[in-house]
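# Breakdown of the fold
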Amino acid sequence: MGCGASNATTGGYNILVSDTWNQVERTIEVRKRPNNKLVVKRSGWKTVRIFVSSTFRDFHAERETLIKEVFPDLRQWCESRRLHLVDCDLRWGVPVDSSTEETLRVCLGEIDRCYQDNIMPFFLNLTSVAMIQSLLSERCGWIPNPLEVPDSIVEEYRWVMGLSVTEMEIMHGAYRKDNLNSLFMLRDVSFLNNIPAKLKDDLVDVNPIAPEKLRVLKQMLKDRFHENQVNFYKCQYDGVDSDGKVELKGLDDFSKTVFQFFKTRIEEQYPLEEKTTDPYRQIMESHESFMRNRSASVLGRNEILEQIKEHIVSVGVDKALLLLGGPGTGKSSIMARVADVSVEKAISRDIPGSPDQGWHVFYHFVGAIPGSPDLEACLKRLLKELNIINESKMPKDLETTCQVACSALSNPNTKPVIIIIDALNQFDESKESTVLNWLPVKLAPQVRCVFSMIDDTPQHKTLKGRSNKPVELFVTPLDMESRKAIVVESLGKYNKKLDEEQMTSLLSKESSQNPLWLSIACEELRVYGLFEKLTKKIKSFPDGLLSLLESVLSRFEDESGGQLVVATLCLLECSKTGLLERELLMILGNPKNITPSKDVNNLKNDQTVKNPLAASNWARVYRVLKPFLRPFGDSGEGRLDFYHRSLSKAVRAKYFKQDSWKNIWWHTVLAKYFETIENMDRQSEEYPYHLTKCDDKEKLREYLKQWRVFHHFYHPEFSGELLAFWRTVGDKSELFDCYTESLENMNNNPNVDKEEISLHYEKVARVVMQSGDVDRCFNLLQSALALEDELGAKPMRMMQLYNVAATMHNERLTLHDFITKAMMPDLKECISFRRKAIRISEQLTERSEKYKYERAFSLMKLAFNLKTWFVLKGDNNLSAQEGFDLGVESLKEAKELYEELGDKGHVAECMMNEGLLLGEVDQEGALEIYRKAEVICIQTYGEVSVLSSRMFTNIAILLEEMNNYDEAYTYFKNGLSSKIQVFGDDHPQTGRLKRVLQEPAYQRLARQEQQQNQQR
């Protein structure tokens, strides 16, 4: 430690120093270090403390390097070994009005904590020693006189009079026990020759005894400790910082030596535990580590914890509990505590409701470990822990996994389980993660679900919109007592303490009610090295989470990479799904990608050979950003992205708000990179998205034309993402022209197999039909049918193509606003093709899943058309009643097949078609079926899907026929909203609903709704 001038008298310095060290020798406890190594066996996480000993003012630069570079790197390495690193830097933390005893106890007591936690302290001393005889000497520190050291300190720590506080730290932490965990870094003072005279006061000790004390100290350390423990280093003067403190350069060797020494010593003392090879077990252990870490300190949340406990132990619970709150309100810590306590109670069979089996506790923290935002992996781990699946019985994809999970959580035979998922809204974006089709509307009696999320996110709205609404629990702001406790605990871990004025200043800010704001503020204070300016620093904190984050980002720029930090933040913000580390390094490796320019053409034409960013440069950037990023794993398997959405907003506000053109620049950088990568999954996620953001329609058109891209986005029922990109390019004519040109080229190529050409014609025909271009899709299908005739008309292929033909005729039927005789030509063709497909299916002997799906699809769609046939009274070949009966019979078989396949979405569609038929004879019964189908549909697909848009429309039509115009209006509106998002604003089906809502009855209801909204 050490501060201030020395109090020793002058004269006879060598004798005085020699006498002092003679006294030291009498206090040595270990004369010869034992040969055996210190190895500590452990389970779970362990705390490692490193005590930094030096005088303060003259080692400011080294301490800044340690706190902001060396220790963060070492901390990251420790975390991979389940070790918490705590660096003990006492530049501030002792209140200014403390007594001498309190000051000395803080210094030496912190070393005591190191003994308690680590048996032998990890001890680092920074000392300055002249390499040649010099009149200048750096500071040796405060040497208390005998009257200043209380008897209790003398007795407890065997204080040696004449030693400085820094030397006593060396005695207590290293010298007396020959501590093998101690490192001494001795600085060459030659750099003092280049420092301006006015700056030397902080570096040179005016006490004449200092040179002799430091000379002897150097020799005693060399004699006492092993060669690798005593290291000399040089540095150079590098000006002053904004606070007037001397800056030094050339500290790279210093940093490497400190890092490597403690890495080696920690590795030897705390060897890595044997890791399980079971990947599911590894993931579970990682979540357990996060849980233990976060649950250690949860202050001021007893009421919330009690309410969650009541929900878990209550009888008859069939719905989830949602913990809701904005970013940084402390939801993750609460969820970690809930998980920790639940595990403890489950082990001791302390949770009522299942005395025989006991409860299983499943917890998952989205974003906390690499891969955790993957919903499929999360659900498979849950199902595996519940013994519902194993490696030989693994669902093939996310959709199937969701179906299995939904069945399990609604099954009364599933073993009792408490499911705790933090940040439910941060799963990777997908239909399943948004609509939560894996979570049943009604939970089984022995299933409890507790989820946290930001309120008003799509996931929250989905659950709120369910008939069985969840229990909602909002996280409230921290009270003053809790805030104070958090500050005391956060800083106390590093033996730092605010005085009363400083604490009041910090907590007087309104944003201190937010745990994230408070934790960031405490971390900023922890790494701040100027005790005399600490109060001013606290007052300078912006009173707002985003503003505070912006100020932190400014510090990162100043200290750790400048524009490289900015580029990293902007690239992550503009990416659609986060970036792999190797992707980011390749982008940052090109200097032309780093600094934005309004002239993006230079960027587009850049042909610079790409090399990844140097590891040393990336280390500086990642070191400071790591606390704000999702962990991505040692092998880089996870994607780098912001852990808190608050940082995303702060980046937007700081780097994009004033210069919107920068948005185009960064998206262009990303588009240029993803244009050339070979991984189709990553390219399709990012490249077209960035072209859209750049409004580069020409490149987007050329990209979408590629067959590999077409096949990636293609879906036989609805290629929503592909069509959305084409709508960005232009109208549906461009889509048709581009693909038909490619088909002609393929047809004229003798090297392409005709079977492949037929498949391409069919797929393009489907996509053209899906785009709303109903008339031109027929010619494409005719080409496919002609090719199949040449190839021998294989039954399965003909069955598929007949279904496509029927669907095309059905699309024409949807263009009619009302059911009229004008529909008969297309309706007859539609029914004819469906029946042809069904007849073929009856001839097939293979009963694979593909067969079952095709037959069920044909039967279900036939029933849909037979409803219209019934209304139009049929014809001489098939009467209306015969058509009705055939429809009922077809739906029954289709529904059974879909249930056998576990396809809930199509079960809902079968039920909708059942309602359509029944509505002609029993409207109340039909409405009841519709309601059930709607629940399954929305749980499976959400409110924005092809089936949902049809479901809303059909329910609205029935309600209108029942003269319930008010409710019909709501459903027509929902249907229109869904169709706009699914098909686009100019699709014929969208236009049809727009015309319906222009009818007088619905215009009147729209005006009433507008008036009510204005009154609110």
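All of the points below concern the structure found in this document. Small disclaimer: the values here were computed from a predicted structure and weren't measured.

## Description of the packing of helix 2 (residues 60–79) against helix 7 (residues 252–269)
Helix 7 packs onto helix 2 with a crossing angle of 35° between their chain directions and a minimal axis gap of 10 Å. For the element pair helix 2 and helix 7, the recorded crossing hand is right-handed. Between helix 2 and helix 7, the residues in contact are Glu-62, Thr-65, Leu-66, Val-70, Asp-73, Leu-74, Trp-77 and Cys-78 and Phe-254, Ser-255, Val-258, Phe-259, Phe-262, Lys-263, Ile-266 and Glu-267, respectively. Looking at the contact of helix 2 with helix 7, its residues break down into 10 nonpolar, two polar and four charged.

## Here we look at the pairing of strand 11 (residues 447–453)
Judged by how many residues are buried, strand 11 sits mostly within the fold: seven of seven residues are covered. Side-chain alternation along strand 11 places Val-447, Cys-449, Phe-451 and Met-453 on one buried face and Arg-448, Val-450 and Ser-452 on a second face that is also buried. Examined bridge by bridge, strand 8 (residues 321–324) and strand 11 share four bridges and lie parallel to one another. Note that in strand 11 the partner of Leu-323 across the bridge is Ser-452. Sheet analysis places strand 10 (residues 417–422) next to strand 11, joined by five bridges and oriented parallel. When the bridges of strand 11 are listed, Val-417 appears paired with Val-447.

## Remarks on the packing of aromatic side chains
On inspection of all chains with the given rule, the structure shows 31 aromatic pairs. Where Trp-665 meets Trp-666, the ring centres are 6.4 Å apart and the plane angle is 85°; that geometry is what we call edge-to-face. Judged by centre distance (5.1 Å) and plane angle (50°), the rings of Phe-870 and Phe-884 are tilted. Taken as a pair, Phe-870 in helix 35 (residues 849–871) and Phe-884 in helix 36 (residues 880–901) lie far apart in primary sequence, 14 residues in all. Accessibility classification places Phe-870 together with Phe-884 in one group, the buried group. An aromatic cluster is defined as three or more aromatic residues linked by ring pairs; in this entry it consists of Trp-21, Phe-51, Phe-123, Tyr-175, Phe-184 and Phe-225. Geometry around Tyr-175 places Arg-224 over its ring, the cationic atom sitting 5.3 Å from the centre. Sitting over the face of the ring of Phe-736, Arg-776 holds its NZ or CZ atom 4.1 Å from the ring centroid.

Definitions and limits used
- Residues numbered from 1 in each chain as written.
- Predicted model: local features only at pLDDT ≥ 70, side-chain atom pairs only at ≥ 80, totals over all residues.
- Heavy atoms only, no water.
- Axes fitted to C-alpha atoms, helices over the stretch in contact; angles between N-to-C directions.
- Helix = DSSP H or I, 4+ residues; strand = E, 2+ residues; numbered from the N terminus.
- Left-handed = near helix turned anticlockwise from the far one by under 90°.
- Contact = heavy atoms within 4.5 Å.
- Nonpolar A, V, L, I, M, F, W, Y, C, P; charged D, E, K, R; others polar.
- Buried < 20%, exposed > 50% of the residue type's maximum accessible area, 1.4 Å probe, protein only.
- Pairing = 2+ DSSP bridges.
- Phe/Tyr/Trp six-rings, centres within 6.5 Å; stacked < 30°, edge-to-face > 60°.
- Lys NZ or Arg CZ within 6 Å of the ring centre and 35° of its normal.

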